[in-house]
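Results of the structural survey
What follows is the residue order along each chain.
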Amino acid sequence: MEEAFVFVVLTMNATIRVATPLILCAMAGMFSERSGVIDISLEGKMLGAAFIAASVAAVTGSPWLALTAGIAAATCLALLHGFACITHHGNQVVSGVAINILVSGLTVVLGIAWFHRGGQTPSLEATARFMPISLPLSEYLADVPVLGTVYSRLVSGHNLLVYVAFLAVPLAWWVLFRTRFGLRLRAVGENPKAVDTAGISVTWLRYRAVLICGLLTGIAGTYLSIANNAAFVRDMTAGQGYIALAALIFGKWRPWTAFGACLLFGFLNAVAIRLQGVPLPAIGEVPVVFIEALPYLLTVVLLAGFVGKAVAPKAIGEPYVKER
Amino acid sequence: MSAPPAELPRWIDIGLIPVINICLALLVSGLIIVAIGENPFAAMAIMIRGALGYGEGIGYTLYYTTNFIFTGLAVAIAFHAGLFNIGGEGQAYIGGLGVGLAILAFDSSLPFFLLLPLGILAAAAFGAAWAAIPAWLQAYRGSHIVITTIMFNFIAYAVMVYLMVNVLIKPGQMSPESREFADAGHLPFIHEMLAGIGITVTPTPLNLSIVWALVCCVGVWAYIWRTRWGYELRAVGHNEAAAVYAGARPRHIVVAAMCISGALAGFVGFNEIMGVHHRLLLNFPAGYGFTGIAVSLMGRNHPVGVVLASVLFGVLYQGGAELAFEVPTITRELVVTIQGLVILFSGALAYMSTPWVTRAWRALLGWRAGAAVAEEA
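Here we summarise the structure given alongside this text. (Residues numbered from 1 in each chain as written. Chains lettered and ligands numbered in written order. Predicted model: local features only at pLDDT ≥ 70, side-chain atom pairs only at ≥ 80, totals over all residues.)

**Focus on the overall build of chain A**
Condition: Helix and strand labels come from DSSP, where a helix needs a run of H or I of at least four residues and a strand needs a run of E of at least two; each type is numbered from the N terminus. Think of it as a crowd count around each C-beta: if 20 or more other C-beta atoms lie within 10 Å the residue is buried, if 12 or fewer it is exposed, and in between it is partly exposed, with C-beta placed from the backbone throughout. Two residues qualify as being in contact provided that their C-beta atoms, derived from the backbone, are within 7 Å of each other.
Broken down by element type, chain A carries 13 helices and two strands. Along the longest, intermediate and shortest principal axes, the C-alpha atoms of chain A span 70 × 50 × 40 Å. Buried residues in chain A amount to 52% of all 324 residues. Contacts spanning at least 24 positions in sequence make up 76% of the contacts within chain A whose residues lie at least 6 apart.

**Considering helix H10 (residues 202-228) of chain A**
Residue and element names in this part refer to chain A. Convention followed: For a helix, the expected span equals 1.5 Å multiplied by the number of residues minus one. Consider a residue and the seven residues that end there alongside the seven that start there; fitting an axis to each set, the bend is the angle between those axes.
Here H10 contains 27 residues, and its C-alpha end-to-end distance of 37 Å stays within 8% of the 39 Å for a straight helix at 1.5 Å per residue. The largest bend along H10 reaches roughly 30° and is located at Thr222. For H10, a buried count of 22 out of 27 residues is recorded, marking the element as mostly surrounded by other parts of the structure.

**Considerations on the interface of chain B and chain A**
Operational definition: Throughout this entry, Asp, Glu, Lys and Arg are counted as charged residues, while Ala, Val, Leu, Ile, Met, Phe, Trp, Tyr, Cys and Pro are counted as nonpolar. The remaining residues, Gly among them, count as polar.
Each partner contributes residues to the interface: chain B has 43 residues there, and chain A has 38 residues. In terms of residue class, the side of chain B that touches chain A is built from 28 nonpolar, 13 polar and two charged.

**Let's talk about unusual backbone geometry**
Residue and element names in this part refer to chain A. Even without being glycine, His89 reaches a positive phi, approximately 55°. Positionally, His89 belongs in the loop between helix H3 (63-87) and helix H4 (92-115). A residue is classified by how many C-beta atoms lie within 10 Å of it, and His89, with 16 of them, is partly exposed. In this model, Asp235 sits at a positive phi of 50°, which is unusual for a non-glycine residue. Mapped onto the elements, Asp235 comes out in the loop between H10 and helix H11 (240-250). By the C-beta count within 10 Å, which is 14 here, Asp235 ends up partly exposed.

All quantities given are derived from atomic positions and should not be read as evidence of function.
What follows is the structure, given as structure tokens:
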């Protein structure tokens, strides 16, 4: 019993680690898409931020500078996306694909030119990273049955960016649904013409949405390379940006449901790693690739409207042209 | 895609502006090369020499070109129907699976001239089927095709890994590859065919499928611009509501366009599996599906443009490999970077230069008109 409980706690712990970048990216995508700008470049922004953060951390040894640089990198990419989609009315999907491909090439090109390690950045010392934080009393409470274990092994002991990700969800909810800015942002994704008629700049609103997206993907990328790992490895995002996009859609473009989807997909991943080669009763051995592909499959099924219905913001993907 | 302003003459719109966009992409690529401390002109010279300077280089360039023609056409035909097919990668993967299964089943019993059409049909059928599901979901269930095709790329990957590792692997070996096809299941290499008529060239992976790629170009051109179906397809792509009034059935057209698109992407499997590797293996689509997006955007969704853009990307791929070999600080990923820039400038920012060009063109016209007036006076 005790053993099973520890197993559950450890799996949940792994879930949190895997879900953190997904949560940040899903919230990022939510701001962008709720304002009417499709963002399939979550992957590219996260990868770019991961690379720049790891590079800066390797050179300066400061995680805070690295975080700033990571956010700056992702924000630059977000501005590029905004410049193409908002200013020049370009195709948003094409722009996203361009950014993803550009970054996947550029990070390796620059990585090899700067560090000569086949695209990796040097391994970071603990002081250059965001290390796990022990919350107050966690050692003291560790021996308390159940609650103590949960507190000291599940709630405590993560790095700062994990807590940032979990705080980002209520914050995103509050901004989107309880502030004037959020109301306008949602309105611009549904009916930009009405927002424009009310005398509010569609362009500036969408740029702000895209900037928030850059900020959050920047934190996600930084988490990957200097908090969860100790270096940047080529293509280290490995499709997590797309999984976050899937989670956002699976969560129907809402903060709490998207958060739930991120936890679910993170949990699937954590379980997939643990189930490697373990036969399950009645089903036999489940190939790990299928558990990994499950988020994509679930999203397709949901989008097809077989389980509930995901309705995108109405004006998503349409550039807003003021004068006809 | 937003339409360009109508007042520019056609040659500027389809000739000059794409060239400006490519030049911008190459300019930024050059700056990147400068930033990593190399000489962009020297790099370009190495690339061109490596891709076109000798027989082996040309063979590899055309082999890459073959794949880009298939995926470029696939993206282009979907664009004409107003659809964005990002799923070329997965469709190529599953198309290759189709070729592999067909040849593995029949290579001992059928001769080459039957296996050839069988391979083409299998690639087309499997690729089309993999594209048909997102198409059907878009047409009948309203799910967004961009998202579903992205998801299907990952699902295709999972399916292939499972099949190769657990089912199709040749017994008694570690690497997930099937057994090699019998000789009847090989497409002839171009160097073999040339040797048959007495011309000796260096062996390269270039094979008969490049001929099929060119046939597909003609076929796609004829389909889009010379058939009723192609007309309906373009009508739906331009204005779905108007097309309905004209009697087109958008749902059928969406599914048909995506099936053709998927079949074309599936032919990458035909080239790779039947033409080059002669066995089923993992990771053979190697990003060709994504490059197809750049090829199609650069070629303005026209088969002639697709062929030209494919040759350019063939040069970039082969030249990039040569460059990475000769200059240690530069890697093959530079080509991926250039590809991203091409998609950015010829796709997302396609009309960024239009206002400037329009202004310059007007100034030129005004200057000419002024000169004519001065001459009369």
